[in-house]
Amino acid sequence: MKKKIDLFFILMMLLTAIACGKPAPPLGADFSASPLKAKAGEPVQFTSSVTGGVTPYSYEWDFDSDGNVDSQGANPVYSYPKGGTFTVSLKVTDAKGHTAAVTKQAYITVAPKFDPETLARELAEKLKKGEFEAVYQSFNQVMAQALPLEKLKEIWTQVTSQVGELKGITKTRVAEEGGYKVVYVTCEFAQTSLDLKIAFDSEGKVAGLFFLPPSG
């Protein structure tokens, strides 16, 4: 009986030794994010996926390829403060000091914060310079159908033939009207002043464009 017990313990010790001596699988790292297209200030969820190595793991995230560690969490949330296209990197280190890294080029696209007043001024300047295609590209789908490119050129030609060329912008006023951000851009033409009224939808696209007598 004692011999059987001794053999059992010897077998268990051999199995334990084999198990302890077996090397861990190579460390591997990957990650995903959602959404891949966000607005400035909108939270982006990053999720790591680590295989192999020896736990516990440590994490180093660089969300904007500036060389700085932005987070050390396994599944962090990050909000980009400004617009742009960003390369994201993750470095994982296991308990034995082994590392794995992954970099995804131009992975996150962030739209800049919508500033209706600045955008309205830019559109007025583009009209002044005759950059009608650029103005037209800022229209939403409904507006693009209602005011085709050639019609936009025609209206601007009619306005400037009556009041002269646009000399400059004197002031702007922002309002909320019917769920739209509306900017009144007071334009100084050669012969008089007119308000260029531009309505923006929630995506920052132009939903309306009108010329009105100045509101004062």
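Because the structure is a prediction, the values reported are computed rather than measured.

1. Details of the pattern of salt bridges
Once the charged atoms of two side chains with opposite charge are near each other, the side chains can pair. Scanning the entire structure with this criterion turns up seven salt bridges. Lysine 39 is the partner of glutamate 203 in a salt bridge, and the nearest nitrogen-oxygen pair spans 3.9 Å. Of this pair, glutamate 203 sits in the loop between strand E10 (193-200) and strand E11 (206-212) while lysine 39 sits in strand E2 (residues 37-39), placing them 164 residues apart in sequence. In this structure glutamate 203 comes out as exposed when scored by relative accessible area, which is 55%. Here glutamate 176 ties to lysine 181 by a salt bridge, and the two come within 3.0 Å at their closest N and O atoms. Under the relative-accessibility criterion, lysine 181 is labelled partly exposed at 33%.

2. Some words on the packing of aromatic side chains
A full pass over the atoms with the stated rule returns twelve aromatic pairs. A centroid spacing of 4.9 Å and a plane angle of 85° characterise the contact between tyrosine 78 and tyrosine 80, whose relative ring orientation is edge-to-face. On the accessibility criterion, tyrosine 78 (19% relative accessible area) is buried. We classify tyrosine 80 as buried; its relative accessible area is 1%. The residue whose ring lies beneath lysine 104 is phenylalanine 31, and the NZ or CZ to ring-centre distance is 4.6 Å. Positioned above the aromatic ring of tyrosine 184 is the side chain of arginine 173, whose terminal nitrogen or guanidinium carbon lies 4.2 Å from the ring centre.

3. Things to note about the pairing of E10
Counting buried positions along E10 yields eight of eight residues, so the element is predominantly enclosed. On E10, burial covers both faces: Ser193, Asp195, Lys197 and Ala199 on one face and Leu194, Leu196, Ile198 and Phe200 on the other are all buried. For strand E9 (residues 180-189) and E10, the ladder comprises eight bridges, and the chain directions are antiparallel. Bridge pairing in E10 places valine 185 opposite leucine 196. As defined by bridge partners, E10 adjoins E11 across six bridges and the pair is classed as antiparallel. Its bridge partner being in E11, phenylalanine 200 is matched across the sheet by valine 206. Between the end of E10 and the start of E11, which pair antiparallel, lie five residues, with glycine 204 showing a positive phi angle near 80°.

4. Some words on the side chain of asparagine 140
By secondary structure assignment, the location of asparagine 140 is in the loop between helix H3 (132-137) and helix H4 (141-146). Polar contacts involving the side chain of asparagine 140 include one to the side chain of aspartate 201, which spans 3.2 Å. Excluding its chain neighbours within four sequence positions, the residues that come into contact with asparagine 140 are Asp201, Lys205, Val206 and Ala207.

5. A closer look at helix H2 (residues 116-129)
Taking 1.5 Å of rise per residue, the 14 residues of H2 would be expected to cover 20 Å, and the 20 Å separating its terminal C-alpha atoms lies within 8% of that figure. Residues of H2 that are buried include every one of Pro116, Ala120, Leu123, Ala124 and Leu127, and no others. Buried residues of H2, viewed axially, fall in a sector of 100°; they line one side. Where H2 is buried, its residues contact H3, helix H5 (149-163), strand E8 (166-177), E9, E10 and E11. In the segment just after H2, glycine 130 is the residue with positive phi, at about 80°.

Cut-offs applied
- Residues numbered from 1 in each chain as written.
- Predicted model: local features only at pLDDT ≥ 70, side-chain atom pairs only at ≥ 80, totals over all residues.
- Heavy atoms only, no water.
- Salt bridge = Lys/Arg side-chain N within 4 Å of Asp/Glu carboxyl O.
- Helix = DSSP H or I, 4+ residues; strand = E, 2+ residues; numbered from the N terminus.
- Buried < 20%, exposed > 50% of the residue type's maximum accessible area, 1.4 Å probe, protein only.
- Phe/Tyr/Trp six-rings, centres within 6.5 Å; stacked < 30°, edge-to-face > 60°.
- Lys NZ or Arg CZ within 6 Å of the ring centre and 35° of its normal.
- Pairing = 2+ DSSP bridges.
- Polar contact = N/O pair within 3.5 Å; in protein donor to acceptor, adjacent residues only side chain to side chain.
- Contact = heavy atoms within 4.5 Å.
- Expected span 1.5 Å × (residues − 1).
- Arc of directions from axis to C-beta.

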